[in-house]
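# Structural description and commentary
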Amino acid sequence: MLKKTNAILALISVFLLLTHVVYEIWSYMSFYYNPGMTVLIAYGFVTCVMLHMVISVFIVAYKHDGDALGKYPKKNIRTIIQRASAAGILVLLPFHIKTGDWVTSHFGGTVFFIVLIVLGVLFWAFTFLHVGSSLTRALITLGIIKERKTQKIIDWIVWVISAALFVASVIIVIKTQVILFNMKQV
């Protein structure tokens, strides 16, 4: 039951993530900023992710799910990618949340701005890597996918969408951040 609850939270998180990413890309492209909408989507997403994370840690730590990861790394590469990308997201999330404020205030100057861009690219890479390696697993846990062939097809679609959103995030968001950083402060 715990794994199914976690799978449902993961799917809701993916939906909210996609909503957040598409909305933010659109916002950056149109130079429209609605902080209320951004916060509503982002905090809904973060709430689901935090619940997902707590349950995931509980499953791993107390149910001993995945104790043999190191023994069979080739067979467990997907799980290793899931966990490593989740750790990367967790470490970089505070930077992601504050980047907009830091960019517009020119906090830390040019060197810090470059660091923020690199951290942003890593954050998006970890995020989409985590989605790509996890989505069909949630569907399998819920019994929605039962065949390996179906999993491979959905995996391929998810990886293509994840790659496209990663590239769009990198290009559009960084381009806009460069414009914002180069604007004079009032």
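Just so you know, these numbers come straight off a predicted model, no measurement behind them.

Cut-off values and rules
- Residues numbered from 1 in each chain as written.
- Predicted model: local features only at pLDDT ≥ 70, side-chain atom pairs only at ≥ 80, totals over all residues.
- Heavy atoms only, no water.
- Helix = DSSP H or I, 4+ residues; strand = E, 2+ residues; numbered from the N terminus.
- Rg over C-alpha atoms; globule rule 2.2 N^0.38 Å.
- pLDDT = per-residue confidence, 0-100.
- Core = buried A, V, L, I, M, F, W, Y, C linked by side-chain atoms within 4.5 Å.
- Buried < 20%, exposed > 50% of the residue type's maximum accessible area, 1.4 Å probe, protein only.
- Contact = heavy atoms within 4.5 Å.
- Axes fitted to C-alpha atoms, helices over the stretch in contact; angles between N-to-C directions.
- Parallel < 35°, antiparallel > 145°, perpendicular 65-115°, else oblique.
- Left-handed = near helix turned anticlockwise from the far one by under 90°.
- Nonpolar A, V, L, I, M, F, W, Y, C, P; charged D, E, K, R; others polar.
- Salt bridge = Lys/Arg side-chain N within 4 Å of Asp/Glu carboxyl O.
- Polar contact = N/O pair within 3.5 Å; in protein donor to acceptor, adjacent residues only side chain to side chain.
- Patch = residues over 30% accessible without salt bridge, like charges linked within 9 Å, V, L, I, M, F, W, Y side chains within 5 Å.
- Areas by Shrake-Rupley, 256 points an atom, 1.4 Å probe, with all protein chains shown as cover.

## Considerations on the overall build of the protein chain
Tallying secondary structure elements over the protein chain gives five helices and zero strands in all. The N-to-C order of helical and strand elements in the protein chain reads α-α-α-α-α. By the compact-globule yardstick of 16 Å for 186 residues, the protein chain fits well, its C-alpha radius of gyration being 18 Å. Along the three orthogonal principal directions, the C-alpha set of the protein chain runs to about 55 × 30 × 30 Å.

## A short note on the confidence of the model for the protein chain
Scored by pLDDT, the protein chain has a mean of 90; 93% of the residues are at 70 or more. Within the protein chain, no element has a lower average pLDDT than helix α2 (residues 35–62), which sits at 89, and none a higher one than helix α4 (residues 109–141), at 96.

## What to know about the nonpolar core
Inside soluble globular proteins, nonpolar side chains tend to come together where they are buried. If you look at the biggest cluster of nonpolar residues, it comprises 36 residues, and the most contacted ones within it are Val21, Ile25, Phe123 and Trp124. Elements with a minimum of two residues in this core: α1 (2–30), α2, α3 (77–105), α4 and α5 (148–182). Counting residues per element, this core draws most heavily on α4, at 11 residues. Residues contacting isoleucine 25, with those up to four places away along its chain left out, are Leu165, Ala168, Ser169 and Ile172.

## Some points on the packing of α4 against α5
Packing of α4 against α5 brings their axes to within 9 Å, and their N-to-C directions diverge by 165°. Classed by the angle they form, the pair α4 and α5 counts as roughly antiparallel. The hand of the α4/α5 crossing is right-handed. A breakdown of the residues in the contact of α4 with α5 according to their chemical character gives 21 nonpolar, nine polar and one charged.

## Points about the pattern of salt bridges
For the structure on display, the rule yields two salt bridges. Note that arginine 78 is salt-bridged to aspartate 155, the shortest N-O span being 2.7 Å. Separated by 77 residues along the polypeptide, arginine 78 in helix α3 and aspartate 155 in helix α5 bring together distant segments of the chain. Pair check on accessibility: arginine 78 and aspartate 155 agree, each one buried.

## Details of the side chain of serine 133
Inspection of the secondary structure assignment puts serine 133 in helix α4. For serine 133, a relative accessible area of 2% translates into the label buried. Here leucine 129 takes part through its backbone oxygen, which lies 3.0 Å from a polar atom of the side chain of serine 133. A distance of 3.2 Å separates the side chain of serine 133 from the backbone oxygen of histidine 130, its partner in a polar contact. Leaving out residues up to four positions away in the same chain, serine 133 has contacts with Arg78, Ile81, Gln82 and Trp159.

## A closer look at unusual backbone geometry
A positive phi angle, close to 55°, is found at phenylalanine 31, a residue other than glycine. With respect to the element layout, phenylalanine 31 can be found in the loop between α1 and α2. Residues other than glycine seldom take positive phi values, yet histidine 106 does so here, at roughly 60°. If you trace the backbone, histidine 106 turns up in the loop between α3 and α4. Looking at histidine 106, the relative accessible area reads 21%, which means it is partly exposed.

## Some words on a nonpolar patch on the surface
On the surface, Leu18, Ile153, Trp156, Ile157, Val160 and Ile161 cluster together to form a nonpolar patch covering roughly 560 Å² of accessible area. For the nonpolar patch, the element with the most residues is α5, which contributes five residues. Turning to its location among the elements, leucine 18 is positioned in helix α1.

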